[in-house]
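Notes for the structure review
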Amino acid sequence: MWSSEQRSRLAVEHQILQREGFSQFSVYHHSADDTYYASGVATSNSGSMYSLYMPIPSGFPTARPPLYITKPSPLLRADGSRISDSGVSHAMHTLSPHENGWVQICHWRDARWHAGIVLQKVFLKAHVWIEAYEQHLATGHSLADFVRTMADVA
Amino acid sequence: MTTSDPNQRQLIREAMQAIATRKPGRSKLVYDKTKRTIVAVAEGAQIAQALNITADDADMFGVLTLSSEWIQEQWPALTRDGVVPLSFSSWDDGDALTQSELCVHASASVVYGELLLDAQPTQPQLVAIILEKTDGTTSDQGVFVSPDGATYRGRVQSAQPQGASKTDVVFADVEPQLALRRSSILETTILKNKTALCVGLGTGGAHVALELAKCGVGRFLLVDCDRLSVGNVVRHPGGISQVGRAKVNVVRDLIMEKNPKAHVEVRAIALDQDNRDAIANLVVVADIVICGTDNRQSKLLLNELCVAANAPALYGGAFRRAYGGQILRVRPKHSPCHQCFVATMPDEASDVEVSSETDAGEIAYSDRPVAVEPGLSLDVLPIANMLAKLALLELVADSSSTLNTLRGDFDAPWYLWLNRPEPGTQYADWPPLSESSDEMTIHRWYGIYFDRDDACPVCGDFVGSLAAHYGLDPAQLPSLEDGE
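Please read these numbers as outputs of a predicted model, since none were measured by experiment.

Residue and element names in this part refer to chain B. Counting 116 residues, the largest nonpolar core has Ala209, Val289, Ile290, Leu387 and Ala391 as its most contacted members. Looking at which element gives the most residues to this core, the answer is helix H12 (residues 377-395), with eleven residues. Not counting chain neighbours up to four residues away, the residues in contact with isoleucine 290 comprise Ala196, Leu197, Cys198, Val199, Gly205, Val208, Leu314, Leu387 and Ala391. With 23 residues, the next largest nonpolar core counts Val111, Leu117, Phe144 and Val156 among its residues.

Okay, here's the thing in structure tokens:
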């Protein structure tokens, strides 16, 4: 059951996305089962599109929301293997994949997450991850070569 | 004089009996240095080149300890039947017999006996303890005071414990004897009814709980999902014989060893979102919440629950390899909360000890493992001791206490301690302890002030602040679109 503070927070999070240039993402309320999620499509500099899905955990904002790439699926490495097979990977900056095989972007580890981080920043990091991913596809180098570690930026 | 001298043998026997009863006798024993033997002489005799032998020198007698409270409970049956059965844990080959009712951990060897009042032993194989009326003072631990005010001494009549030629009987009046040791400095009657919720019972958390138990805190709620492992033993108060047990149970028993009247409830659950309701139910009944977990998400969850319940909390932790440590005290709405701390000092909030595989797993990647690097118990305990003291201050805050003279000293929200100037940290260049009188050095506590964040998402108005920033009215926000 969501508290009024949580519902207000999510409503404000949606407004921040709309007003800070992230209007391709929205926070949604699924009234049938009273759950929340945020989603949208990120477009890379090369024009590729990535569908992002963020189920909001019941403990939000204290609990960290996971962020998955649902399309393309499966998301592949430069060598053609599935990124989701890496699991929690520093080289690819990923956390445990979704049961559907969607890659989970490591935006913040649990050990670094806190309630003061807004969803806009999470989607910003997703954009950074996508650009690094495309550099990985172009060069074969790991994502860690293109983005700083979470410990450095958190 | 030789030992074949009948007079000397009689004197020795009398002296030995006097020593056994701890009372002056007609003769005393001395060690004659010139003859290199023990002889008995008249009590008033002065013997050159001799050492007097006291009862302490000759303390080769066993001790049998009875529970005064238990005897008082059994008094109606004892006065009616003349005998009640009882049992003992036998320690050190029978040198010490401790009544089972006093034992949290029983000995592997149990001895059975009977307590007698105006009656004769019924079974020769039992240890028989006979209560005999005396005029002894009530402060003597060898004296039992019955419910009707009469005083008794105990005498073991039969089935002497192995290895002891005589057994002293003492009466443990646990609660008053423990309270006596604390009462001059602490308000034991206040602490007896206070509840400490201790979440995370590693080395530091377990130590804090035990220190509070020793001080007389009477009610504990213990939360931890781990079991004691062999590797824990070098730091944890629990020992090798406890390996494999849930830490909540290990610490519960250690508390009961120190404060047998304590009321201890245990929950072998993790501090995580799955258990937030269960933890929240504990927070609301706690007078102080002590967080000894190592990871941020558990601390922030507990912080959220404590702020919501307006419960004071203390968050303690060691830095990596315990080169130092910190304590954050949160008085909701009056001081910064843990979320304020994380937002204000992210580096300090992220410097944590990696003391277990679980801790390492929280921050490791499959392709970049994190080493387990626990610090020494020696380096964790200063932090735990300070945390226990701050907890006591919170528990006596609303009462008159000698501890309250410390209020001016401990009014900062955050406390920092360094065990060593760890290379690679901001403290690496601190001056040596011996060369500094006014600069920050190791082995000193520093109380550090920082402000509460009015826009904190936990203890402030985060939503209102954000809404104001964007010119929104939080009460008039449009509804979110219904998703698929």
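After that view, the rundown keeps rolling.
So, about the sheet that holds strand E13 (residues 219-223) of chain B. Residues and elements named next belong to chain B. Reading across from one edge, E14-E13-E12-E15-E16-E17-E18-E19 is the order of the eight strands in this open sheet, with mixed pairing throughout. Looking at which strands have only one partner, the edges of the open sheet turn out to be strand E14 (263-267) and strand E19 (446-448). Averaged over all pairs of adjacent strands, the angle between their axes in this sheet comes to 15°, without regard to strand direction. Bridge count for strand E17 (residues 324-330) against strand E18 (residues 414-418) is five bridges, and the pairing is antiparallel. Its bridge partner lying in E18, glycine 324 is registered against leucine 418. Relative to the sheet, H12 contacts strand E12 (195-199), strand E15 (288-291), strand E16 (313-318), E17 and E18, its axis offset from that of E16 by approximately 175°.

Partitioning chain B into structural domains gives domain 1 (6-52), domain 2 (62-172) and domain 3 (185-448). Taken over C-alpha atoms, the centre of domain 1 of chain B sits 57 Å from the centre of domain 3 of chain B.

On to the interface of chain B and chain A. Facing the 32 residues of chain B at the interface are 38 residues of chain A. Elements supplying a minimum of two residues to the side of chain B that touches chain A: helix H8 (296-309), helix H9 (338-344), helix H10 (346-350), helix H11 (357-363), helix H13 (462-469) and strand E20 (481-482) of chain B. The element that contributes the greatest number of residues to the side of chain B that touches chain A is H8 of chain B, accounting for five residues. Split by residue class, the side of chain B that touches chain A holds 17 nonpolar, seven polar and eight charged. With two bridges joining them, strand E1 (residues 25-30) of chain A and E20 of chain B adopt parallel strand pairing. Bridging across to E20 of chain B, tyrosine 28 of chain A finds its partner in glutamate 481 of chain B.

A few words now on the pairing of E18 of chain B. Residues and elements named next belong to chain B. The buried count for E18 comes to four of five residues, which makes it a mostly enclosed element. Taken together, the three bridges between E18 and E19 define a ladder with antiparallel strand orientation. By the bridge assignment for E19, tryptophan 414 is matched with isoleucine 448.

What follows deals with H13 of chain B. For H13 of chain B, every residue scored as buried is listed here: Phe462, Val463, Leu466 and Ala467 of chain B. Seen end-on, H13 of chain B carries its buried residues on one side only, within an arc spanning 125°. The secondary structure elements touched by the buried residues of H13 of chain B are helix H1 (4-19) of chain A. One or two steps after H13 of chain B, the chain reaches glycine 471 of chain B, where phi turns positive at roughly 70°.

Reading the values: the criteria
- Residues numbered from 1 in each chain as written.
- Chains lettered and ligands numbered in written order.
- Predicted model: local features only at pLDDT ≥ 70, side-chain atom pairs only at ≥ 80, totals over all residues.
- Core = buried A, V, L, I, M, F, W, Y, C linked by C-beta atoms within 7 Å.
- Buried ≥ 20, exposed ≤ 12 C-beta atoms within 10 Å, placed from the backbone.
- Helix = DSSP H or I, 4+ residues; strand = E, 2+ residues; numbered from the N terminus.
- Contact = placed C-beta atoms within 7 Å.
- Pairing = 2+ DSSP bridges.
- Axes fitted to C-alpha atoms, helices over the stretch in contact; angles between N-to-C directions.
- Domains from an automatic or database assignment.
- Nonpolar A, V, L, I, M, F, W, Y, C, P; charged D, E, K, R; others polar.
- Arc of directions from axis to C-beta.

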